[in-house]
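# Breakdown of the fold
One letter stands for each residue in the lines below.
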Amino acid sequence: MNVGVIGAGYVGLCTAAVLAELGNDVIAADADKGKIDGLNKGIMPIYEPGLKELVERNVKEKRLAFTHDNKQVIAHGDIIFICVGTPPKENWEVELKYVEAVALEIAQSMKGYKVIVHKSTVPVETGEKVKEIIRRNINKGADFDVVSNPEFLREGSAIKDTLEPDRIVIGAESEKAIEAMKRLYGPIKAPLIVTDIKSAEMIKHASNAFLATKISFINSVARICELSGADVEKVAEGMGYDKRIGKAFLNAGIGFGGSCFPKDSQAFIKIAEKYGYDYQLLKATNEINGEQKKDFVDKIKKAVGNANGKTIGVLGLSFKPNTDDMRFAPSVYIINELQKLGAEIKAYDPVAMEKAKDIFKNVEFCNDAYEASKGADALLILTEWNEFKELDFKKIKSLLKAPIVIDGRNIYSLDEMQKYGFTYVSIGRKPILAD
Ligand code: NAD
């Protein structure tokens, strides 16, 4: 099928590459000329495992092309995906101006029949808005259907998630549009949920709100574990075997970040408010998430004493492993707070340092975990990259000025850290004190 994708960020680029891989003829556009010029030279704008190979193969086999001209995409696509950003406004409402601008552009240049799919995460009833914009501005003789097809990919495994999703949600009103979407997704083996547009839009916000709440739930349990002497890892294990609960998202830590959970959970509170519902549960989820980061800074202060003039080594900057996405990464709050206290920061992240350089000032970026440890008064783990799980602890201990590790992701066993003689502070577990 001929597919157009507008917005070539995480979602648009991965969607375009995967739909091309499935045999479709895809053109993707982005307003960011630098991004498109880069893509046309084989330079990926984001780090995502498997993306570069997939893009290169499909460009070479002429199933995938990039442009900065949305009109070209609109003329080409029988199905047009809107994948532009929906960032938070200052009051956390969803900024819809990019989605609306694209809807207008589609209306003004489309001919014939198009299925217009919003994949961006949008508040319930955005489909109505998009429909209205297009209806008011459409060319004579042109016709369209609007579809909501929310995206559930996880950064770090976006390609796998797009090729093998847990489910595909299609919110649509016409059989013609549903048939087109079913044909497009035919090669992907996944449960297909066909519903009305509003429910499809709501499924996305409800899913992210639930996952964020699960994280805050285990983090609140971790706090009670710390106060009572229980071990949150064991508690989570014991809970996770219950099939009604499940093991996923029960990892205590320094809270959620990234481009989705913080903005989508805050947005859902605002959406509920618009309909007159006070979403207290989700408000608590966000409060707990904020407290988790503050509490981590308190743990650091307690472990190192006065942070002024101390050197703190930081391992991991991205909001989670396998991505270079720094949006709402807990590292941003934690490093800023430590700098306010007068600490010097030495940091290392396997892929996020280029992006981090635009965010942090006066941070010494290191070539590896050992360089970040050298001469530091404490070492922090802020992202659970696999390479941090297999460090040479003897070497780390010899490089640190003081043998203190403060682990915001619980990646080490208490026994191991005790064996190496570290003071080891983690989340929801008994602290270990070096002799
Ligand atoms: P992004 O910021 O990485 O990409 C959005 C792209 O849209 C940018 O490259 C921007 O230049 C482009 N754009 C904006 N206006 C445009 C226009 N008028 N014409 C052409 N291009 C335009 O954003 P993202 O992370 O891909 O997210 C896109 C949407 O998908 C958001 O609603 C987000 O909430 C949702 N989502 C994101 C993820 C994720 O993990 N990143 C997962 C699921 C859903």
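Look up a bit, the structure's there.
Scope of this entry: the structure provided in the associated data block. Values in this document were obtained by computation on a predicted structure and should not be read as measured data.

## Describing empty space enclosed by the protein
Across all of its chains, the model carries two cavities of 30 Å³ or more by this definition. Lining the largest cavity are His118, Ser120, Thr121, Val122, Ser148, Pro150, Glu201 and Lys204. Counted by class, the lining of the largest cavity contains two nonpolar, four polar and two charged residues. Class assignment for the residues of the lining of the second largest cavity results in four nonpolar, one polar and two charged.

## Comments concerning the site of the ligand
Taken together, 26 residues form the shell around the ligand, and within it Asp30, Lys35, Thr86, Glu155 and Lys263 come nearest. Ala31 places a main-chain nitrogen or oxygen 3.1 Å from a nitrogen atom of the ligand. The side chain of Lys35 places a nitrogen or oxygen atom 2.5 Å from an oxygen atom of the ligand. Coverage of the ligand by the protein chains reaches 87% of its 830 Å² of free accessible surface. Going through the elements one at a time, helix H1 (10–21) and helix H5 (97–109) are the ones with two or more residues in the shell around the ligand. Each residue belonging to the shell around the ligand can be placed in one class, and the counts come to ten nonpolar, eight polar and eight charged. Each of domain 1 (2–195) and domain 2 (196–435) accounts for three or more of the residues forming the shell around the ligand.

## Focus on the nonpolar core
Ranked by internal contacts, the top residues of the largest apolar core, which has 63 residues, are Ile312, Leu380 and Tyr412. Leaving out residues up to four positions away in the same chain, Tyr412 has contacts with Ile381, Phe388, Lys389, Leu391, Phe393, Val405, Asp407, Met417, Tyr424 and Arg429. Grouped together as the second largest cluster of nonpolar side chains are 41 residues, Leu19, Val26, Ala158 and Ala172 included.

## Remarks on the side chain of Ser426
For Ser426, the location among the structural elements is in the segment after strand S14 (423–425). Ignoring anything within four residues of it in the chain, the contact list for Ser426 reads Glu226, Lys299, Asp407, Asn410 and Leu414.

## Focus: the pairing of strand S8 (residues 192–195)
As judged from the four bridges shared by strand S7 (residues 168–171) and S8, these two strands associate in the parallel manner. Counted as the bridge partner of Gly171 is Thr195 from S8.

## Digging into the sheet that holds strand S12 (residues 378–381)
Backbone-to-backbone hydrogen bonds pair the strands of a sheet. The strands run either parallel or antiparallel. With parallel pairing, six strands are arranged side by side in an open sheet as S11-S10-S9-S12-S13-S14. Of all strands in the sheet, those bounded by a partner on one side alone are strand S11 (363–365) and S14. Between one strand and the next, the sheet's axes are offset by a mean angle of 20°, whatever the strand orientation. Contacting strand S9 (311–315), S12, strand S13 (404–407) and S14, helix H12 (residues 280–304) crosses the sheet at an angle of about 170° to S13. In the packing of helix H13 (residues 330–340) onto the sheet, contacts are made with S9, strand S10 (344–348), S11 and S12, and the angle to S10 comes to roughly 155°.

Conventions we followed
- Residues numbered from 1 in each chain as written.
- Predicted model: local features only at pLDDT ≥ 70, side-chain atom pairs only at ≥ 80, totals over all residues.
- Heavy atoms only, no water.
- 1 Å grid on protein atoms, 1.4 Å probe; cavity = no way out; pocket = protein on both sides within 12 Å on 5 of 7 lines; lining within 4 Å.
- Points joined across faces, edges and corners; volume = space filled by probe spheres on them.
- Nonpolar A, V, L, I, M, F, W, Y, C, P; charged D, E, K, R; others polar.
- Near = heavy atom within 4 Å.
- Polar contact = N/O pair within 3.5 Å; in protein donor to acceptor, adjacent residues only side chain to side chain.
- Areas by Shrake-Rupley, 256 points an atom, 1.4 Å probe, with all protein chains shown as cover.
- Helix = DSSP H or I, 4+ residues; strand = E, 2+ residues; numbered from the N terminus.
- Domains from an automatic or database assignment.
- Core = buried A, V, L, I, M, F, W, Y, C linked by side-chain atoms within 4.5 Å.
- Buried < 20%, exposed > 50% of the residue type's maximum accessible area, 1.4 Å probe, protein only.
- Contact = heavy atoms within 4.5 Å.
- Pairing = 2+ DSSP bridges.
- Axes fitted to C-alpha atoms, helices over the stretch in contact; angles between N-to-C directions.

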